[in-house]
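# Notes for the structure review
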Amino acid sequence: FSMQSAAVAASVAAAMLLGVASASTSTPLGFMQAPSSLTSLPRMASQLRSTPQLRPAVSSLRMGDAKLDKRAERRRIVANPNFNRRGFADSKEAVEGMMVEEFTSDLVKDMRESGNVLVRDNVEVRLAESYGFCWGVERAVAMAYEARSFYPDEKLHITNEIIHNPGVNNRIAEMGVNFIPVKEDGKDFSDVKSGDVVILPAFGASLEEMQILDERGCKIVDTTCPWVSKVWNAVDAHKKKEMSSIIHGKWKHEESVATASMADDYVIVLNMEEAKYVANYILGEGNREEFLEKFKNAMSEGFDPDVHLKKVGIANQTTMYKDETAAIAKLFERTMMKKYGPEKVNEHFMSMDTICDATQERQDAVKLLLDQDDIDLFIVVGGWDSSNTAHLLEIVEMNGKVGYHIDMANRIKEDGSIEHRKVDGSIETVKSFLPKGKLTIGVTSGASTPDRYLQESIENIFLLKALEKDAVSA
C-alpha cells in the first residue's frame, strides 16, 4: 500500500467513472484490529437492509423528469468542484501508516511466504490463494480515513456502511463519522447541511442521493468502487440501444439500488430461477399481473413487461456468483434468439462482463481449495451482510463440504462452539464444531475482510485445538 499505488488507483477510478478505462485487478493488502465494541453498526446495517428500496426520504424534482439524461446528470454532479473521487494527497502518508498498523497480519504474511499453509497443534490450515481486502475496498476505506484527517473539524456523514464489515464500520463511526439514519420511508438527510462533508460508500450511492447532496452544497467524497462505476457504464450502453436492463442482484442491496437508479427501465433478478421466470415471460409463457406482483419491489416505476422486455441488456451487482451471472446472460441470449431469430439477436440483447476481478479471483481460489479432498472443513470470514463472502460459502456447500461463515473471530467460542451464518441467511450455533484429532481446515475471507480479522479467527481455532491437546494430556 504505497503513495504510488494510491495515485494509480485514483487515476484508474476516475477513468472508469467516466467510462474510458477498464478496471485494475485487485491487490492483496490485508487489514484491521477489531475494536472492543461491535454492536451499534450491525444493528444499523440490519435496519438499512430491512428498509424498502433504501430510498432517501427527500426526493429531487429532477429525478421525476422522464426526459432526464441520467448519465449527463451524473457527469454534471461529478464535475462540481465540491466532488472529490481522488482522495487527499496531504493525508495519504499518515493514513497509509494507520491502515497498515490496524489492518495487516504477520500471521497471514507468514502463511503467504510458506505456501499458504500453517501447521500447529494438530491442525493444518490452508489459505486460499486469493482472499481478503480487494483494491476497491482498500481504496474506499483509505479515502474515508483521508477525509476525516483532511477535515478534522468538519461534520462528516456517510450515506451507508463504507463496506460490509462490522469492525471497519465501527472504526469509521469511532472517528466521528455520522451514518445517515433510516426511517420507515427511507434515509433521512435532514441533518445534512450546506458545507458538510458526505462520504459515498464503496457500493456507490443512488443518483437521487447524489442530487440531494449536490443541491445542498455538500462536499462529496466519492469512494465508489470503479467496478461499480463500470456497471453504470454498461447500463448507459443499454439506454443508448433503447434496451431495458436486467440486473442480476439483490434488490435491497445498496449497490443494486445505486445501479438501478442509473437505469431508465429495469428489472432485478436474484437468481437463475427468477431469470427463467422472466425469460419464459418473454416467450409468452407468463401472466402479467403475476409478473408485476412478483417484481413489484425489483423493477422501475411504470415497468411494463409487455413493452420493456423486447430489448434487454444484462448488468449485475458486482459481488454476485460469477458462474450464475454468466449463465443468466446466456439464458437471455438464447431467449432472444428463439424469439427474434439469430440474425436479429444483437438488436434485442447485449451483455458486458462486469463481475469484478476480486470477486472472480476469490471464488476461483475457493474452487481450487475444494479440489483438495483431504480438507475436513472450511472457515469463511467476512461480514454477514457481505454478498461476496456469502457466495464463497455457497460454493463450499455446493461442493458437498462443511463450511462456517463468521463475521468476527469471537464467533468461535471458548466452549468449542461456533456461531455462524448459514447460506439461507439464518444464524446458527453449532457445539463442538471442530472434529477431534488431526484436522485440515481451508480458510478464506471476503473482499471486505481485513487480514487482522482472519488472523484472529485462525488463532481462535489453534486455541481450541491446544485446549483439546491439554485435556488429552491431563
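Read on for a plain summary of the structure.

Moving on to the side chain of Ser 457. With respect to the helices, strands and loops of the structure, Ser 457 is situated in helix α18 (residues 451–473). Given the relative accessible area of 2%, Ser 457 is considered buried. For Ser 457, the residues in contact, after removing those within four places along its chain, are Val 381, Ile 406, Met 408, Ala 409 and Ile 412.

What follows deals with the sheet that holds strand β8 (residues 197–200). The five strands are arranged β1-β9-β8-β4-β5 in an open sheet whose pairing can be described as parallel. Across the chains shown, the open sheet's two edge strands, defined by having one partner strand only, are β1 (83–84) and β5 (177–179). Across four bridges, β8 lies against strand β9 (residues 219–222) in parallel orientation. Paired with Leu 200 across the bridge in β9 is Asp 222.

Attention now goes to the sheet that holds strand β11 (residues 266–269). The four strands lie next to each other as β11-β10-β12-β13, forming an open sheet whose pairing is parallel. Each having just a single partner strand, β11 and β13 (349–351) make up the two edges of the open sheet. Ignoring strand direction, the axes of neighbouring strands in this sheet form an average angle of 25°. Packed onto the sheet, helix α9 (residues 226–240) meets β10 (244–248), β12 (312–316) and β13 and runs at close to 170° relative to β12. In the packing of helix α10 (residues 254–262) onto the sheet, the strands contacted are β10, β11 and β12, and the crossing angle to β11 comes to about 160°.

Further remarks concern the pairing of strand β14 (residues 377–381). Most of β14 is tucked away, with five of its five residues classed as buried. Here β14 shows two buried faces, one formed by Leu 377, Ile 379 and Val 381 and the other by Phe 378 and Val 380. The pairing of β14 with strand β18 (residues 439–445) spans five bridges and is parallel. Its bridge partner lying in β18, Ile 379 is registered against Val 443. Examined bridge by bridge, β14 and strand β15 (residues 403–406) share four bridges and lie parallel to one another. Across the sheet, residue Ile 379 finds its bridge partner in β15, namely Tyr 404. Once the chain exits β14 it traverses helix α17 (residues 387–398) before rejoining the sheet at β15, and the crossover so formed is right-handed.

Now for helix α8 (residues 207–215). Within α8, eight of the nine residues are buried, which leaves the element mostly enclosed by the surrounding structure. Along α8, the residues classified as buried are Leu 207, Glu 208, Glu 209, Met 210, Gln 211, Ile 212, Leu 213 and Asp 214. Residues of α8 that are buried make contact with α3 (70–78), β1, β7 (186–187), β8, β9 and α10. Remark: Gly 217 follows α8 within two positions and exhibits a positive phi of approximately 75°.

With that out of the way, let us pick up the packing of helix α11 (residues 272–282) against helix α14 (residues 322–340). For any two helices packed against each other, one specifies the crossing angle of their axes together with the interaxial distance. For the pair α11 and α14, the least separation of the axes is 10 Å and the interaxial angle reads 10°. Here α14 runs roughly parallel to α11, going by the angle between their axes. Of α14, the residues touching α11 (which contributes Met 272, Ala 275, Lys 276, Val 278, Ala 279 and Ile 282) are Glu 324, Ala 327, Ile 328, Leu 331, Phe 332, Thr 335, Met 336 and Lys 339. Partitioning the contact of α11 with α14 into residue classes produces ten nonpolar, one polar and three charged.

Let us now look at the environment of Lys 310. In this fold, Lys 310 is placed in the loop between α13 (305–308) and β12. By relative accessible area, Lys 310 is classed as partly exposed at 45%. With 38 residues separating them in the primary sequence, Lys 310 and His 348 have C-alpha atoms 6.6 Å apart. Beyond its immediate sequence surroundings of up to four residues, Lys 310 is in contact with Met 336, Tyr 340 and His 348.

Per the stated rule, a full pass over the model turns up eleven aromatic pairs. Ring centres of Phe 291 and Phe 303 lie 6.3 Å apart, and the angle between their planes is 10°; on these two criteria the pair is classed as stacked. Here Phe 291 is found in helix α12 (residues 288–294), whereas its partner Phe 303 is found in the loop between α12 and α13, with twelve residues between them in sequence. For the pair Phe 291 and Phe 303, a shared accessibility class is recorded, and that class is buried. Considering the side-chain rings of Tyr 404 and Phe 433, the 5.4 Å spacing of their centres and the 75° angle between planes classify their relative orientation as edge-to-face. Of the two residues, Tyr 404 is situated in strand β15 and Phe 433 in the loop between β17 (427–430) and β18; the sequence distance between them amounts to 29 residues. Considered together, Tyr 404 and Phe 433 belong to a single accessibility category, that of buried residues. Over the face of the ring belonging to Tyr 277 we find Lys 294, whose NZ or CZ atom lies 5.1 Å from the ring centre.

Definitions and limits used
- Residues numbered from 1 in each chain as written.
- Predicted model: local features only at pLDDT ≥ 70, side-chain atom pairs only at ≥ 80, totals over all residues.
- Heavy atoms only, no water.
- Helix = DSSP H or I, 4+ residues; strand = E, 2+ residues; numbered from the N terminus.
- Buried < 20%, exposed > 50% of the residue type's maximum accessible area, 1.4 Å probe, protein only.
- Contact = heavy atoms within 4.5 Å.
- Pairing = 2+ DSSP bridges.
- Axes fitted to C-alpha atoms, helices over the stretch in contact; angles between N-to-C directions.
- Right-handed = clockwise from strand over helix to strand, strands pointing away.
- Parallel < 35°, antiparallel > 145°, perpendicular 65-115°, else oblique.
- Nonpolar A, V, L, I, M, F, W, Y, C, P; charged D, E, K, R; others polar.
- Phe/Tyr/Trp six-rings, centres within 6.5 Å; stacked < 30°, edge-to-face > 60°.
- Lys NZ or Arg CZ within 6 Å of the ring centre and 35° of its normal.

In short, geometric facts, not functional conclusions.
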